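# Coordinate inspection notes
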Amino acid sequence: MKARLTELGWDTDLVIELDAAAPIAAGREIVVEVEACGVCGRDCIDRAGRFGFVQVPIIPGHEAVGRVIGIGPDVTEWAVGQRVASMHRDACGACEPCIDGETSLCGSAAAVLGLLIDGGYARWLVAPEGCFYAMPDHIEPALAAVFNCTLGTAWRGLTRAGVRAGSRVLVTGANGGVGAAALQIANSLGAIAIAVVRRQEHVGAATAQGAAHVVVDDGGGFHKQIPGGPIDVAMDCVGAPTFNSSLRSLAVGGRLVAVGNITGERIDLNIGYVITFGLQVIGSSGANRADMAALLAHHERHPLDVPIHARMPLAEADRAQRIVAAGGLHGRVVLVP
Ligand SMILES: [Zn+2]
Ligand SMILES: [Zn+2]
């Protein structure tokens with residue numbers, strides 16, 4: 001069974017298809033028997049056509065976990081029986097970033113799951129071996145599925161910005177999946193996490209995720225009301241509506257990590273402010289295998305969690321996407337074939 005997006009937008013439901021037998025892997029592909037696949041906000045943005053890249057018809061889903069049941073003749077990295085989870089895309093393996101292990105910065109990735117090749121809303125996922133990282137057996141399927149896109153994104157952003165014990169870390173959109181993950185990770189690294197949420201109703205959840213302080217702000221003016229003074233690292237999960245206030249929260253020499261831009265809008269940037277205060281603006285996405293190995297090791301010492309709003313059967317993929325698109329959830333929705 002798989003769920004296919006045949007038309008952009010919300011007028012046509014995802015189409016459920018049944019398959020007769022497991023697919024055969026070719027070349028450097030592997031076949032993964034999917035245990036679970038996350039329904040990401042990004043899937044809904046793609047369905048709505050807000051990015052021009054999606055090639056319909058396509059099976060959505062870049063957050064799959066499962067066991068390898070078949071390998072192509074040219075596969076070198078995986079064997080049948082191993083448990084793997086997917087990243088957004090593969091990498092060429094030959095360019096300078098790839099050779100340095102920075103595969104998410106590869107400019108030649110051709111296989112982007114759910115966008116350019118079929119993704120994980122399926123019982124069987126067939127994709128190039130470079131799309132996957134090793135997933136330990138003991139992490140339960142729903143958490144394993146969303147590990148890369150939530151915890152991995154937050155981990156890469158925070159570690160690239162040099163967060164360490166004692167750092168004061170601000171997280172905007174702290175009630176979202178990546179925001180909540182960032183609070184937990186910052187806290188587990190010994191940093192002081194300060195959450196920014198839009199509404200009072202999210203305060204309890206942010207505190208539960210490890211925020212030492214929660215600022216409620218709906219207007220992008222939260223830099224004026226941060227308890228305890230300036231911030232070392234601001235992780236901006238919202239984008240245009242919060243970017244300038246995140247920037248103005250920073251101490252001299254502070255770092256802003258941009259990991260999301262929900263509205264897709266542009267902003268005015270006061271370049272003089274960035275220069276004068278020696279600020280750094282870092283874009284971050286796509287945790288790579290090295291990031292995931294480091295994060296999984298950290299998880300063994302400091303267990304992390306992602307709240308799961310619902311586990312739904314694959315046959316209900318369309319309804320699952322509509323629930324995610326409607327928003328307001330305190331956790332992730334995961335499809336279980
Ligand atoms: Zn995702
Ligand atoms: Zn490359």
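Every value quoted in this text rests on a predicted model; they were computed, and no experiment measured them. (Residues numbered from 1 in each chain as written. Chains lettered and ligands numbered in written order. Predicted model: local features only at pLDDT ≥ 70, side-chain atom pairs only at ≥ 80, totals over all residues. Heavy atoms only, no water.)

## Observations regarding the sheet that holds strand β11 (residues 231–236)
Within a sheet, adjacent strands bond to each other through the backbone by hydrogen bonds, running parallel or antiparallel. Judged by pairing direction, the sheet is parallel, and its six strands sit side by side in the order β10-β9-β8-β11-β12-β13 without closing on themselves. Each having just a single partner strand, β10 (213–216) and β13 (280–283) make up the two edges of the open sheet. Taking each pair of neighbouring strands and ignoring which way they run, the sheet shows an average axis angle of 20°. Here strand β8 (residues 168–172) pairs with strand β9 (residues 192–197) via five bridges, running parallel. Each bridged residue has a counterpart across the sheet, and for V169 the counterpart in β9 is A193. Against the sheet, helix α3 (residues 141–160) makes contact with β8, β11, β12 (250–258) and β13, and its axis sits at roughly 150° relative to β11, the strand it touches most. (Pairing = 2+ DSSP bridges. Helix = DSSP H or I, 4+ residues; strand = E, 2+ residues; numbered from the N terminus. Axes fitted to C-alpha atoms, helices over the stretch in contact; angles between N-to-C directions. Contact = heavy atoms within 4.5 Å.)

## So, a nonpolar patch on the surface
Judged by side-chain polarity, I267, L269, I271 and I275 come together as a nonpolar surface patch covering roughly 380 Å² of accessible area. Tracing the backbone shows I271 in helix α7 (residues 271–276). We classify I271 as exposed; its relative accessible area is 55%. (Patch = residues over 30% accessible without salt bridge, like charges linked within 9 Å, V, L, I, M, F, W, Y side chains within 5 Å. Areas by Shrake-Rupley, 256 points an atom, 1.4 Å probe, with all protein chains shown as cover. Salt bridge = Lys/Arg side-chain N within 4 Å of Asp/Glu carboxyl O. Buried < 20%, exposed > 50% of the residue type's maximum accessible area, 1.4 Å probe, protein only.)

## Some thoughts on helix α8 (residues 289–301)
Under the 1.5 Å per step criterion, the end-to-end length of α8 is 19 Å for 13 residues, consistent within 8% with the ideal 18 Å. The inward-facing, buried residues of α8 contact β7 (132–134), α3 and α4 (177–188). Two to three positions downstream of the cap, the backbone nitrogen of A290 sits 3.0 Å from a side-chain oxygen, assigning the N-cap of α8 to N288. (Expected span 1.5 Å × (residues − 1). Polar contact = N/O pair within 3.5 Å; in protein donor to acceptor, adjacent residues only side chain to side chain.)

## Some points on the pairing of β8
Within β8, five of the five residues are buried, which leaves the element mostly enclosed by the surrounding structure. Judged by which residues are buried, β8 turns out to be covered on both faces: R168, L170 and T172 on one side and V169 and V171 on the other are all buried. As paired strands, β8 and β11 are joined by four bridges and run parallel to one another. Note on β11: the bridge partner recorded for V169 is V233.

## Observations regarding helix α9 (residues 317–326)
One turn of the α-helix equals 3.6 residues, which is why residues spaced by three or four share an orientation. Among the residues of α9, A317, D318, A320, Q321 and V324 are the ones counted as buried. Buried residues of α9, seen end-on, are gathered within an arc of 160° and therefore sit on one face of the element. Tucked inside the fold, the buried residues of α9 contact β1 (2–4), β3 (29–39), α1 (41–47), β14 (308–313) and β15 (332–336). Backbone geometry just after α9 places G327 at a positive phi near 75°. (Arc of directions from axis to C-beta.)

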